[in-house]
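# Coordinate inspection notes
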Amino acid sequence: LVFGIIAIFLYVGIEVGIPNMANLYMTSPDGLGMAAGVAGTLVGAYWFLMLCGRLVGGAIGAKVSSRAMMTFVSSVAIVFVLLGMFLPETMTMSLLDAQVPVGMVFFVLCGLCTSVMWGAIFNLAVEGLGAYTALASGLFMMMVVGGGVLPLVQNAIAGAAGYMVSYWVPVAGLAYICW
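Let us look at the structure shown here. (Residues numbered from 1 in each chain as written. Predicted model: local features only at pLDDT ≥ 70, side-chain atom pairs only at ≥ 80, totals over all residues. Heavy atoms only, no water.)

### Regarding the packing of aromatic side chains
Per the counting criterion, the structure on display carries 10 aromatic pairs. Between tyrosine 11 and tryptophan 118, the ring centres sit 6.3 Å apart and the planes meet at 65°, which makes this aromatic pair edge-to-face. Linking tyrosine 11 in helix α1 (residues 2-27) with tryptophan 118 in helix α5 (residues 117-126), this pair joins segments that are 107 residues apart in sequence. Tyrosine 11 gets classed as buried once you look at its relative accessible area, which sits at 1%. The exposure class of tryptophan 118 is partly exposed, given its relative accessible area of 24%. Taken together, a centroid distance of 6.4 Å and an interplanar angle of 75° make the contact between tryptophan 118 and phenylalanine 140 edge-to-face. A residue pair is termed long-range when its members are at least 10 positions apart, and tryptophan 118 in helix α5 and phenylalanine 140 in helix α6 (residues 133-142) qualify at 22 residues. Residue classification places phenylalanine 140 among the buried positions, given a relative accessible area of 1%. (Phe/Tyr/Trp six-rings, centres within 6.5 Å; stacked < 30°, edge-to-face > 60°. Helix = DSSP H or I, 4+ residues; strand = E, 2+ residues; numbered from the N terminus. Buried < 20%, exposed > 50% of the residue type's maximum accessible area, 1.4 Å probe, protein only.)

Here it is in structure tokens:
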């Protein structure tokens, strides 16, 4: 349960931090300086992919173990974030009548990975708790504060060391979740 509570805290921070930092990076004059409409549409695609992933995850959740699902999606998310961090900005694709770095697309694709994490983490954390499951649910709900804390940490790192360096925060969180 304790590992699950930490994982939920990290998960919500990752879920919010990835698109938040991507939006700031894309629209900032010291980042990509893209139009806000293009950046907003890409970030909106992240949230849409979360919806799609939740629908697919709900359909296959009874057939695939939560542990296998978590291992797979957290591993893929780590790869996507690292690709987003290290692909050169000059590697672009035409999207929404703009040239968008391919790395930004990988950050958006993380929405598919984060979409199923809440349910899988919850299932793994409450396994065998029986009557204490309701108490665990309350603790889980308090840990959504990670969605405010981790992006704050990520933003501080971005201000001090750069946007891409700040993505080590989600990578570390995803590594914990994968573990």
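There is more to say after this.
### Comments concerning α1
Look at α1: 38 Å from first C-alpha to last across 26 residues, which is about the 38 Å you get at 1.5 Å a residue. Remark: the principal bend of α1, roughly 25°, maps to glycine 17, with a proline, proline 19, within the next four residues. (Expected span 1.5 Å × (residues − 1). Bend = angle between axes of the 7 residues up to and from the residue.)

### Examining the pattern of salt bridges
Enumeration according to the criterion identifies one salt bridge in this entry. The closest approach of N and O atoms between arginine 54 and glutamate 15, which form a salt bridge, is 3.6 Å. Pair noted here: arginine 54 is in helix α2 (residues 36-60) and glutamate 15 is in helix α1, with a separation of 39 residues, a long-range link. (Salt bridge = Lys/Arg side-chain N within 4 Å of Asp/Glu carboxyl O.)

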